[in-house]
Structure formats: C-alpha cells, structure tokens
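Chains, contacts and geometry: an overview
Chain by chain, the residues:
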Amino acid sequence: PAEPTWFNRDRFVLSNGHGCALLYSLLHMTGYDRPTMEDIKQFRQLDSVTAGHPESHLLAGVEVATGPLGQGISNAVGLAIASTHL
C-alpha cells in the first residue's frame, strides 16, 4: 500500500464485479488510504468511490474495470503477458 504504483507489485483481478465489497474491505484492511470506512459506508451510492462495480480511476489498488462476464480472464492474461515484457 505504501507504493500502489510500484512496477513489480502483485495484481488481483476481480472478474465478478458484484463481489467488489470484498475488494474494498481488503484494500481498507491492508492499509490503503482509501477506501476509508466512511467510503465503504457509501457503497453503491451516487458519486461514491465505492461503486457497485469497481472503477479503475477512483481508487489505488483497482487496476482495471471489467465489463461483461469473462472479460476478467482476458485482463488477467494481458497483465501477465505485459509484466513479462517490462
């Protein structure tokens, strides 16, 4: 969490956006600045950083936002291939 943009960081791809409450909780519990407990209380509210499906530009620790079911595996493969070439 101290360096969320560190080049060689681990990446977690959550393909099922409906399970994002777990992702938000884990980010909070592992020390990321956001989401805060107040952010989590605003889960799925308008203009909240804790949307019902994670958005990649709102929180550090959220790498990509997947759309249709099955898109997550494609994102994960792409991230893995890219990391081997960097």
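Residues numbered from 1 in each chain as written. Predicted model: local features only at pLDDT ≥ 70, side-chain atom pairs only at ≥ 80, totals over all residues. Heavy atoms only, no water.

Of the positions making up helix α1 (residues 20–29), those classed as buried are Cys20, Leu23, Tyr24 and Leu27. One side of α1 carries all its buried residues, which in axial view fall inside an arc of 95 degrees. Of the exposed residues in α1, those oriented more than 90 degrees away from the buried face are Leu22 and Met29. Turning to α1, the residues buried within the fold contact α2 (37–41). Once α1 ends, the next one or two residues include Gly31, with phi positive near 105 degrees. (Buried < 20%, exposed > 50% of the residue type's maximum accessible area, 1.4 Å probe, protein only. Helix = DSSP H or I, 4+ residues; strand = E, 2+ residues; numbered from the N terminus. Arc of directions from axis to C-beta. Contact = heavy atoms within 4.5 Å.)

Right, let's talk about unusual backbone geometry for a bit. Along the chain, Arg34 connects to Pro35 via a cis peptide bond; the corresponding omega equals 15 degrees. Secondary-structure assignment places Pro35 in the loop between α1 and α2. Phi is positive for Arg44, which is not a glycine, with a value near 60 degrees. The residue Arg44 is located in the loop between α2 and α3 (71–84) in this model. Residue classification places Arg44 among the partly exposed residues on the basis of a relative accessible area of 46%. A positive phi angle is found at Asp47, which is not glycine, with a value near 65 degrees. Here Asp47 shows up in the loop between α2 and α3.

A few words on the layout of surface pockets. By volume, the largest pocket amounts to about 320 Å³. Around the largest pocket, the lining is made up of 14 residues, and of these Asp10, Arg11, Leu27, Tyr32 and Gly61 lie nearest the centre. Looking at the lining of the largest pocket residue by residue, the classes come out as 8 nonpolar, 1 polar and 5 charged. Space inside the second largest pocket adds up to approximately 180 Å³. If you trace the second largest pocket, you find 18 residues lining it, with Leu14, Ser15, Pro54, Val64 and Thr66 closest to the centre. In the lining of the second largest pocket, the residues fall into 9 nonpolar, 8 polar and 1 charged. (1 Å grid on protein atoms, 1.4 Å probe; cavity = no way out; pocket = protein on both sides within 12 Å on 5 of 7 lines; lining within 4 Å. Points joined across faces, edges and corners; volume = space filled by probe spheres on them. Nonpolar A, V, L, I, M, F, W, Y, C, P; charged D, E, K, R; others polar.)

Our next topic: the side chain of Thr50. In this structure, Thr50 sits in the loop between α2 and α3. Reaching out from Thr50, the side chain makes a polar contact with the side chain of Ser48 at a distance of 2.8 Å. In this structure Thr50 touches Tyr24, Pro35, Asp39, Ile40, Gln42, Phe43 and Arg44, once residues within four positions along its chain are discounted. (Polar contact = N/O pair within 3.5 Å; in protein donor to acceptor, adjacent residues only side chain to side chain.)

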